[in-house]
Amino acid sequence: MDKKYPLEASLLSRSHPKDKVLQLLEQRYAVNVIPNLPLSPVEYVKSSNITETINDNTSLLTKIRQENNKQNRTREQSCAKVAFKNFIKSQQYWQRQLKLKIITFKKANNVKNVDQTKFKEYKKLIKFDDFLKSNELWIDYIRDLLQISNTKSLQNVQQCLIRLSSAEYIGCFIRVLKAKNKQLQGKSGIVIYDSKNYFIVVEKGDKLKLIEKKGTLFSFVVPLFDYENEEIDENDDNYAEFTIIGSRFQYRAPDRSGKKFKPKDTDDLIYDEDHSK
Amino acid sequence: MLADLNIPWPQNDYTPLTTAQLAQLKNTIITAETLGYTHLAINFTVNIHEIKIPGNDINPIIKQLDNFEKLKEFTARGLKFFSRITLIIENPNQGQNLSKFLGSFNILSIAPTTEKALILACGNSDVDIITFDYSKRMNFYLKHKTVGGGVKKGIKFEICYNSLVSSNSLEKQSFLTTFNNLVRVSRNQNLVISSGATSCLNLRNFNNVLTFCKNLGFRENKVFKNTESVLLGATLKSKSYKQTVMIGENPVHEDVTGKRNIKEIDSGDVFKEQLKRIKLNKQATK
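Analysis parameters
- Residues numbered from 1 in each chain as written.
- Chains lettered and ligands numbered in written order.
- Predicted model: local features only at pLDDT ≥ 70, side-chain atom pairs only at ≥ 80, totals over all residues.
- Heavy atoms only, no water.
- Salt bridge = Lys/Arg side-chain N within 4 Å of Asp/Glu carboxyl O.
- Helix = DSSP H or I, 4+ residues; strand = E, 2+ residues; numbered from the N terminus.
- Buried < 20%, exposed > 50% of the residue type's maximum accessible area, 1.4 Å probe, protein only.
- Contact = heavy atoms within 4.5 Å.
- Buried area = accessible area lost by both parts, 1.4 Å probe.
- Nonpolar A, V, L, I, M, F, W, Y, C, P; charged D, E, K, R; others polar.
- Pairing = 2+ DSSP bridges.
- Axes fitted to C-alpha atoms, helices over the stretch in contact; angles between N-to-C directions.
- Parallel < 35°, antiparallel > 145°, perpendicular 65-115°, else oblique.
- Left-handed = near helix turned anticlockwise from the far one by under 90°.

Caption draft 1: Here's a closer look at the pattern of salt bridges. Residues and elements named next belong to chain A. Within the structure shown, the criterion is met by 10 salt bridges over all chains. Notably, a salt bridge pairs arginine 256 with aspartate 194, separated by 2.5 Å at the nearest N-O pair. Of the two residues, arginine 256 is situated in helix H8 (residues 253-257) and aspartate 194 in strand S2 (residues 188-194); the sequence distance between them amounts to 62 residues. The pair arginine 256 / aspartate 194 is uniform in exposure class, with both members buried.

If you want it as structure tokens, here you go:
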């Protein structure tokens, strides 16, 4: 009977014990009776209080509510996006804590240089060295994509640029060339996530940094020689440099692959320092 | 950076230049250089209705200037040249297909002579610059609605001071009227000042022209930004894929095609260090 009329059952269960609910429901749909619901006033109980006072004869409504709550909580915890967000927040928190601690330590002991690895907050930070492998893999990938072989030169620059516009940038070592936000100028690091509006980057000093794409130019370098077997100092000539125009790059990587870009007005791509030249 | 976006090509069709015309062009380039201009756009003006445009070799400037040996001296000293085409359009039906000019010229501009042609030019996003003939009285009235549409798309409007400097008083008169009209209609936005000098004596110092224009009610001080924006858009056509990823770091000032030395790159040591770090890390894990 509960399954057949769930709504009525849940309403009746608030004011009557379980046996009487079944009885009332049977009467309700009898032939010669006008359908009615005999209810009695109940005190308002908060949902949190209900969960504490769970007995054998808990009402159906509270049960449903409890199940919903459980489902929501598990969905939040399992969602990768939320977990990543929390991770970034915690990183920023520990970075702030570490900075504060170093300042107080300097004041107390009158020291100029402090080794940040001594502090316990440092252990919770993300490490730059862990991502060296991803950068190594990315260089192999991009050399494959641009078809750089032993010739030490770029073939067909236009074709290369088309491929780079839909390439993957996680693992790339980028540097901020110019930015409207002067604080970001000269920052560099390995990309660990490429969101719509931000590049999330690990800096050399084991720091996580969010760099806004809008109004920023990012430069990166592709070695045209085999850097594993050849000397790096001897091959100064053989590099190719590219620049990502951040203001036109505000898409996630999967959206970017099938995107038809449109050239726009270039007024916003001009930076003030150019006029002094 | 100081740029002149309009140094006219002496010929209006595809016949090759005579030696006298070449010497004239050379003189204007030399005077422009002494006045401090660093970026020059050589402008080839064509009336679409009178001259047939050939299928290939649309650009006469590049082809003929290669033989012009004096030019190499200028480029060695740091002068940058761009090629520009100006299409005189009367009937908007014939000016539909502009895409074939995009590949062979850096800058594409349109000189409309009727109101319908102006509407076409303001609606087309391939157009970089819209110019007018300042030496004659304009035969139509400029409206804010049409010009404002072009301003929203980022099209620049050009002011040529050649007829202001000329000895003919009628030309001066017509320049002032069209200038005032354009400033009023565009609300001082997206304006670009260039010379259009037919002889070397008509070139002026840029600051002189700017102060004169300010006296006439030209307010905005974004002229430098606007000219640079035109050049940037022109260079990004060939050096980037639809303005997403470009090669090199500053397309207007440098000339990069492919390979590059790490010492020329802005703080290239950072990238070199990173490569060394990866190599060490790889050897350590082995």
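Having seen it, we continue.
Caption draft 2: Inspection of the interface of chain A and chain B at higher detail. Each partner contributes to the interface: chain A provides 59 residues, whereas chain B provides 47 residues. Carbon and sulfur atoms make up 58% of the surface buried where chain A meets chain B, a total of about 4900 Å² over both sides. Taking the shortest distance from any N to any O, the salt bridge between A:Glu136 and B:Lys282 comes out at 3.5 Å. If you list the elements that add at least two residues to the side of chain A that touches chain B, you get helix H6 (132-145), helix H7 (157-165), strand S1 (173-179), S2, strand S5 (216-223) and strand S6 (239-245) of chain A. Ranked by residue count, the leading element in the side of chain A that touches chain B is S6(A), at seven residues. For the side of chain A that touches chain B, a count of residues per class yields 30 nonpolar, nine polar and 20 charged. Taken together, the three bridges between S6(A) and strand S8 (residues 245-247) of chain B define a ladder with antiparallel strand orientation. For A:Ile244, the partnering residue across the bridge sits in S8(B) and is B:Val245.

Caption draft 3: Fine view of the packing of helix H5 (residues 115-123) of chain B against helix H6 (residues 144-153) of chain B. All names here are of chain B. At a minimum axis distance of 8 Å, the contact between H5 and H6 shows a crossing angle of 20°. When the axes of H5 and H6 are compared, the pair comes out roughly parallel. As H5 packs across H6, the resulting crossing turns out to be left-handed. Together, Leu118, Ile119, Cys122 and Gly123 of H5 and Thr146, Val147, Gly149, Gly150 and Lys153 of H6 make up the contact between the two elements. Per-class residue counts for the contact of H5 with H6 are four nonpolar, four polar and one charged.

Note that all results are geometric; they support no functional claim without further evidence.
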